[in-house]
Amino acid sequence: MNTYKVMLPILVNGEHKQGDVFEHEFDSPEDEEANLTSGLLEIVPRTYKVVGPSEVFETPAGSELEKALTMTQEKLLLDGGFLERVEPKKTRSKKTEADE
Amino acid sequence: MAIFTLTDAFISVNGVTLSDHANKVTIEDTRDSVDITAFGATSKAITKGLGDAKMTITFYQDFAGGKTHATLQPLISSSTGVAIEVRGTSAARSATNPAALMTGLLMNYNMLDGSVGDATQIDAEFNNSSQAGMTYPTS
């Protein structure tokens, strides 16, 4: 699952218009590539942590980086034990804290 | 302009820095030679045709996680190109340290290649797989 931004004035999947950001899982890397190279979609960067011993995108082991990775790139780097996803921290609203 | 001596090349395969496991690199950016000689010509005439690019990198084998085998082996079965970047030095890209960058497919992977007592080396050949071909970004 990746997060994409609609870059062209075309309705995507019947609901996402230009500028919208949405999560989607393409059936194949080729499908994703076709949508990226046409300029219709752009991958929204996400945060990763370098977990292997090697530098990845010139970021040392143990550090975090923000990168827009294609399905193929991400799969190779996650499966190979080079990177892991850092899920965004959930922010708690003041109202929730006050309620507690 | 000083003559450049290669001692600290930067090599990245799909984002993974493998400079400390390589000792030779060859970058090839080529164009087909197309014969356009017509009747009446007295000399052969040629023009440039399609472009092509290739990077051949000699790596030392390392089966540790996150090193040579872990980076290259998955690429031999993948049919989607990955970014291969080489720079003359490990310093950041600049006008005096340009990168050679292409999206390439790994076309051969000789996991072990050597004789008794040798350091095992791999000649990894990446062939261009995108219309961009070889680019030379400086930033």
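Residues numbered from 1 in each chain as written. Chains lettered and ligands numbered in written order. Predicted model: local features only at pLDDT ≥ 70, side-chain atom pairs only at ≥ 80, totals over all residues.

Description of the overall build of chain B
Filter applied, for reference: A run of DSSP states H or I qualifies as a helix once it reaches four residues; a run of E qualifies as a strand once it reaches two. Both are numbered from the N-terminal end. Counting other C-beta atoms within 10 Å of a residue's own tells you its class, since 20 or more makes it buried, 12 or fewer makes it exposed, and anything in between is partly exposed; those C-beta atoms are placed from the backbone. Note on contacts: each residue gets a C-beta atom placed from the backbone, and two residues are in contact if those atoms are within 7 Å.
On a plain count of helices and strands, chain B comes out with 1 helix and 7 strands. Counting from the amino terminus, helix and strand elements in chain B follow one another as β-β-β-β-α-β-β-β. For the C-alpha atoms alone, the extent of chain B along its principal axes is close to 65 × 35 × 30 Å. Within chain B, buried positions represent 27% of all 139 residues. By sequence separation, contacts in chain B at least 24 residues apart represent 61% of the contacts at least 6 residues apart.

Concerning the overall build of chain A
Filter applied, for reference: Both definitions apply: the radius of gyration is a C-alpha atom measure, and the globule rule equals 2.2 Å times residues to the power 0.38.
Tallying secondary structure elements over chain A gives 3 helices and 6 strands in all. The linear arrangement of helices and strands in chain A, starting from the amino end, is β-β-α-β-β-β-α-β-α. Over its C-alpha atoms chain A spans a radius of gyration of 17 Å, topping by over 25% the 13 Å that the globule rule assigns to 100 residues. The buried share among the 100 residues of chain A stands at 19%. Look at the contacts in chain A between residues 6 or more apart in sequence, and 51% of them connect residues 24 or more apart.

As for the interface of chain B and chain A
Rules: Note that Gly is not counted as nonpolar here; it falls among the polar residues with everything else outside the nonpolar set of Ala, Val, Leu, Ile, Met, Phe, Trp, Tyr, Cys and Pro and the charged set of Asp, Glu, Lys and Arg.
If you look at the interface, chain B gives 15 residues, while chain A gives 16 residues. Mapped onto the side of chain B that touches chain A, the elements with two or more residues apiece are strand 2 (16–17) and helix 1 (68–76) of chain B. Tallying contributions element by element places helix 1 of chain B first for the side of chain B that touches chain A, with 3 residues. By residue class, the composition of the side of chain B that touches chain A is 6 nonpolar, 8 polar and 1 charged.

What to know about the pairing of strand 6 (residues 99–106) of chain B
Residues and elements named next belong to chain B. Here is the rule: Strands are labelled as partners when DSSP assigns at least two bridges between them.
Looking at chain direction, strand 5 (residues 82–87) and strand 6 are connected through 6 bridges and run antiparallel. Its bridge partner lying in strand 6, V82 is registered against G104. Taken together, the 3 bridges between strand 6 and strand 7 (residues 121–128) define a ladder with antiparallel strand orientation. Counterpart to L106 in the pairing with strand 7 is F126.

Some details on the domain arrangement of chain A
Residue and element names in this part refer to chain A. What counts here: Boundaries of every domain are those given by an automatic assignment or by a domain database.
The domain architecture assigned to chain A consists of domain 1 (1–44) and domain 2 (45–88). On a C-alpha basis, the centres of domain 1 and domain 2 stand 21 Å from each other. If you look at the interface, domain 1 gives 8 residues, while domain 2 gives 6 residues. Listed by contribution, the elements that provide at least two residues to the side of domain 1 that touches domain 2 are strand 1 (2–6) and helix 1 (29–37). Among the elements that take part in the side of domain 1 that touches domain 2, helix 1 stands out by supplying 3 residues, more than any other. Among the residues making up the side of domain 1 that touches domain 2, the classes are represented as 4 nonpolar, 2 polar and 2 charged.

Regarding the sheet that holds strand 4 (residues 46–60) of chain B
Residue and element names in this part refer to chain B. To keep things clear, this is the line we draw: Axis definition: a line fitted to C-alpha atoms, over the contacting stretch in the case of helices. Angles run 0 to 180 degrees between N-to-C directions.
Read across the open sheet, the 7 strands follow the order 2-1-5-6-7-4-3; overall the sheet is antiparallel. Each edge of the sheet is formed by a strand with only one pairing partner; in this case those strands are strand 2 and strand 3 (22–35). Of the strands in this sheet, strand 1 (10–13), strand 2, strand 4, strand 5, strand 6 and strand 7 are in contact with helix 1, which crosses strand 6 at around 60°.

Remarks on helix 1 of chain B
T68, A70, T71, L72 and L75 of chain B are the residues of helix 1 of chain B that are buried. Turning to helix 1 of chain B, the residues buried within the fold contact strand 1, strand 2, strand 4, strand 5, strand 6 and strand 7 of chain B.

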